[in-house]
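Structural overview for review
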Amino acid sequence: MPASTLISIGALSGLKYATSSTKVELKTELETGPLRHNVVFAYDRSQSSIRASNQSTFVNSVDTGTGAFTDLTSVWGPIFGGIPSPVRFNGGDPREQGLLAMDQITWDQWIALVGWRYMRYDGHPWSGNVEQFKRSLPSLGLLYQISPRLSVYANAAKGFTPNAGNFSFSGA
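Right, let's walk through the structure included here. Just so you know, these numbers come straight off a predicted model, no measurement behind them.

1. Here's the deal with the overall build of the protein chain
In terms of helices and strands, the protein chain carries one helix and eight strands. Reading the protein chain from its N end, one meets helices and strands in the order β-β-β-α-β-β-β-β-β. Across the 172 residues of the protein chain, 26% fall into the buried class. In the protein chain, the proportion of contacts linking residues at least 24 apart, taken out of those at least 6 apart, comes to 61%.

2. Thoughts on the pairing of strand β8 (residues 150-157)
Little of β8 sits out of view: just zero of its eight residues are buried. Pairing between strand β7 (residues 132-147) and β8: eight bridges, direction antiparallel. Looking at the pairing, Ser147 lines up with Leu150 of β8. Hairpin connection between β7 and β8: a loop of two residues separates the two successive antiparallel strands.

3. A look at the layout of surface pockets
One number sums up the size of the largest pocket: a volume of about 160 Å³. What lines the largest pocket is a set of 13 residues, and nearest its centre among them are Leu113, Gly141, Leu142, Ala154 and Asn155. Those elements that place two or more of their residues in the lining of the largest pocket are β6 (110-122), β7 and β8.

4. Some remarks on the side chain of Thr106
With respect to the helices and strands, Thr106 occurs in strand β5 (residues 95-107). Filtering out sequence-adjacent residues up to four positions away, Thr106 remains in contact with Pro34, Leu35, Arg36 and Ile111.

5. Points about a nonpolar patch on the surface
On the surface, Val24, Tyr43, Leu99 and Trp116 cluster together into a nonpolar patch covering about 360 Å² of accessible area. Counting through the fold element by element, Leu99 comes out in strand β5. Among the residues examined, Leu99 registers a relative accessible area of 42% and is labelled partly exposed.

6. Considerations on the environment of Gln104
One can find Gln104 in strand β5. In this structure Gln104 comes out as partly exposed when scored by relative accessible area, which is 30%. Considering only alpha carbons, one finds Gln104 and Leu140, 36 residues apart in sequence, at a separation of 9.9 Å. With residues up to four places along the chain from it excluded, the contact list for Gln104 reads Arg36, His37, Asn38, Ile111, Ala112 and Leu113.

7. Let's talk about the side chain of Asp63
Structurally, Asp63 can be placed in strand β2 (residues 35-63). For Asp63, a relative accessible area of 18% gives the class buried. For Asp63, the side chain forms a polar contact with the main-chain nitrogen of Thr66, separated by 3.1 Å.

8. What to know about the pattern of salt bridges
Counted under the stated rule, the structure contains six salt bridges. One salt bridge connects Arg117 with Asp44, and the closest N-O pair in it is separated by 2.7 Å. One end of the pair, Arg117, is in strand β6; the other, Asp44, is in strand β2, and 73 residues separate them in sequence. Neither residue differs from the other here; Arg117 and Asp44 are each classed as buried. Between Arg120 and Asp122 there is a salt bridge, with the nearest N and O atoms lying 3.1 Å from each other. Judged by its relative accessible area of 26%, Arg120 falls in the partly exposed class.

9. Side note on the packing of aromatic side chains
For the structure on display, the rule yields two aromatic pairs. For the ring pair Trp110 and Tyr144, a centre distance of 4.7 Å and an interplane angle of 50° mean the geometry is tilted. Of this pair, Trp110 sits in strand β6 while Tyr144 sits in strand β7, and the two are 34 residues apart along the sequence. In this structure Trp110 comes out as partly exposed when scored by relative accessible area, which is 37%.

Rules used in this analysis
- Residues numbered from 1 in each chain as written.
- Predicted model: local features only at pLDDT ≥ 70, side-chain atom pairs only at ≥ 80, totals over all residues.
- Heavy atoms only, no water.
- Helix = DSSP H or I, 4+ residues; strand = E, 2+ residues; numbered from the N terminus.
- Buried < 20%, exposed > 50% of the residue type's maximum accessible area, 1.4 Å probe, protein only.
- Contact = heavy atoms within 4.5 Å.
- Pairing = 2+ DSSP bridges.
- 1 Å grid on protein atoms, 1.4 Å probe; cavity = no way out; pocket = protein on both sides within 12 Å on 5 of 7 lines; lining within 4 Å.
- Points joined across faces, edges and corners; volume = space filled by probe spheres on them.
- Patch = residues over 30% accessible without salt bridge, like charges linked within 9 Å, V, L, I, M, F, W, Y side chains within 5 Å.
- Areas by Shrake-Rupley, 256 points an atom, 1.4 Å probe, with all protein chains shown as cover.
- Salt bridge = Lys/Arg side-chain N within 4 Å of Asp/Glu carboxyl O.
- Polar contact = N/O pair within 3.5 Å; in protein donor to acceptor, adjacent residues only side chain to side chain.
- Phe/Tyr/Trp six-rings, centres within 6.5 Å; stacked < 30°, edge-to-face > 60°.

From the geometry alone we can't say anything about function, so treat these as descriptive.
This is the structure we're talking about:
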């Protein structure tokens, strides 16, 4: 190939992603002696649909001197691991659902937040395998109002971010 040749390697695909969500909350306020409670109970569910289609990978060259374009996909494709063209695959249908109970307790200048969330996650978006993850996620926070404009606080919580499909839950 001449030194003035530009080679491009790329992939094209169509991706469709849709999510439906549902959330139901029950909130109430009550007092127990000097303590004021703001209590929340909730259920949430999120269902996604991920579809990729018509994926194709290509290798092209352009002679920058003449502008001549050459499709090298069939020639160089095997060097890059075999270039699939076209391919259709399903990304998966990951689903997350959870229950939440939270109590914000106020007493004078002190505010405590105690919470618990139980969540279940089903799905492994790109492999199509259904893996299940269940976990209890506690949270605890404490705030002290020094003045109406100044507070100090501390908190601790467990969280979860869904797997984007790079690793399985087993660590593999």
